[in-house]
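# Report on the structure
Now for the letters of each chain:
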Amino acid sequence: MEQEMSYGSDYKFIPATSVGSGVSVIVVPDVYCHTIQIVNICLVGTPDSNEFVLIDAGMPGSADDIISVTEERFGTGSRPKAILLTHGHFDHVGAIIDLVKHWEIPVYAHELELPFLTGKTSYPEPDSTVEGGMVAKMSPLFPNEPINLGTWVKALPSDGIIPHLPGFRWIHTPGHSPGHVSFFREEDGTLIAGDAFVTVRQDSLYKVLTQEEEINGPPRYLTTDWQAAWESVKKLYQLNPVAAITGHGVPMTGERLTTGLKKLVDEFDKIAIPDYGKYI
Ligand SMILES: [Zn+2]
Ligand SMILES: [Zn+2]
């Protein structure tokens, strides 16, 4: 069963941060959100139970941070049942190999994301020419070579059910990446949206630093299919989410979320799609 895993050949620590870094938020009682530098991870499950999962795996070099946050919430030596990935970009799988080795748990992702997680296909080069500030300009630093999780990564079941996460189902929300998924719980309207949309303008260094709250489309420098990304946002809006945790930025709830998402759906071409860039 034990198999060699490896990060991509361009794997490295990325010196980016935000005022949110290190902050944890409990969005609904069983959803714990923690910010690592510029990206969010979620631990889903009640603290008194052994049944919980980790959603996304942070930035390169953040494994110790993720393990200590997990043990603080669920107890020393506790480990999630699985890691669920919204997608495989470097800032969502940064610590994953260290975590899989430490916890010996499976990883689940959409089947279209598996080539990027099994060493087969690189993500497209980040588009540093895209309209939008400093983070886009920094993006050539970002790793895009595939990591290899070998047999530790499995495809999410095709029926929408999520292993070890009862009550939620996964929704295919491509555009930012081919196999991007979001996780939704109908019962209370909790949405974990990954990078399908974000609550901070990720391509602006100022707004990443300050985490200034606004709903925007997916991070521009890594998004390759803007029409699909727009359709995905419409799909999520139609679910009527009550609370949204996004891959970047602060969680958003209630009326602000509803009106912000509506605006994004209506004006996606103006708000989200850049005026220029190589994937336009
Ligand atoms: Zn991403
Ligand atoms: Zn991201």
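Remember, predicted model here, so these are calculated numbers, not experimental data.

## Observations regarding the pattern of salt bridges
On inspection of all chains with the given rule, the structure shows six salt bridges. In this structure, E51 engages K81 in a salt bridge whose closest nitrogen and oxygen atoms are separated by 3.9 Å. Of the two residues, E51 sits in the loop between β3 (39–44) and β4 (53–55) while K81 sits in the loop between α1 (63–74) and β5 (83–84), which places them 30 residues apart along the sequence. Exposure remark for E51: the relative accessible area of 47% places this residue in the partly exposed category.

## What about the environment of H87?
By the secondary structure assignment, H87 is in the loop between β5 and α2 (96–103). For the pair formed by H87 and V23, sequence separation is 64 residues and the distance between their alpha carbons is 22 Å. A distance of 3.2 Å separates polar atoms of two side chains, one belonging to H87 and the other to H89.

## Considering the coordination of the zinc ion (ligand 1)
At this site the zinc ion (ligand 1) is bound by H87 (NE2), H89 (ND1), H176 (NE2) and D195 (OD), with donor distances of 2.1 to 2.3 Å. Coordination at the zinc ion (ligand 1) is irregular: its four donor atoms span angles of 89 to 178° at the metal. Between the zinc ion (ligand 1) and the zinc ion (ligand 2), both coordinated by D195, there is a metal-metal distance of 3.3 Å. Highlighted residues: H87 in the loop between β5 and α2 and D195 in the loop between β10 (190–194) and α4 (205–210), separated in sequence by 108 residues. Here the two residues H87 and D195 agree in accessibility, since each one is buried.

What counts, and at which threshold
Residues numbered from 1 in each chain as written. Chains lettered and ligands numbered in written order. Predicted model: local features only at pLDDT ≥ 70, side-chain atom pairs only at ≥ 80, totals over all residues. Heavy atoms only, no water. Salt bridge = Lys/Arg side-chain N within 4 Å of Asp/Glu carboxyl O. Helix = DSSP H or I, 4+ residues; strand = E, 2+ residues; numbered from the N terminus. Buried < 20%, exposed > 50% of the residue type's maximum accessible area, 1.4 Å probe, protein only. Polar contact = N/O pair within 3.5 Å; in protein donor to acceptor, adjacent residues only side chain to side chain. Donors = N, O, S within 2.8 Å, 3.2 Å for Na, K, Ca; no water. Tetrahedral: all angles 85-135°; square planar, octahedral: opposite > 155°, others 65-115°.

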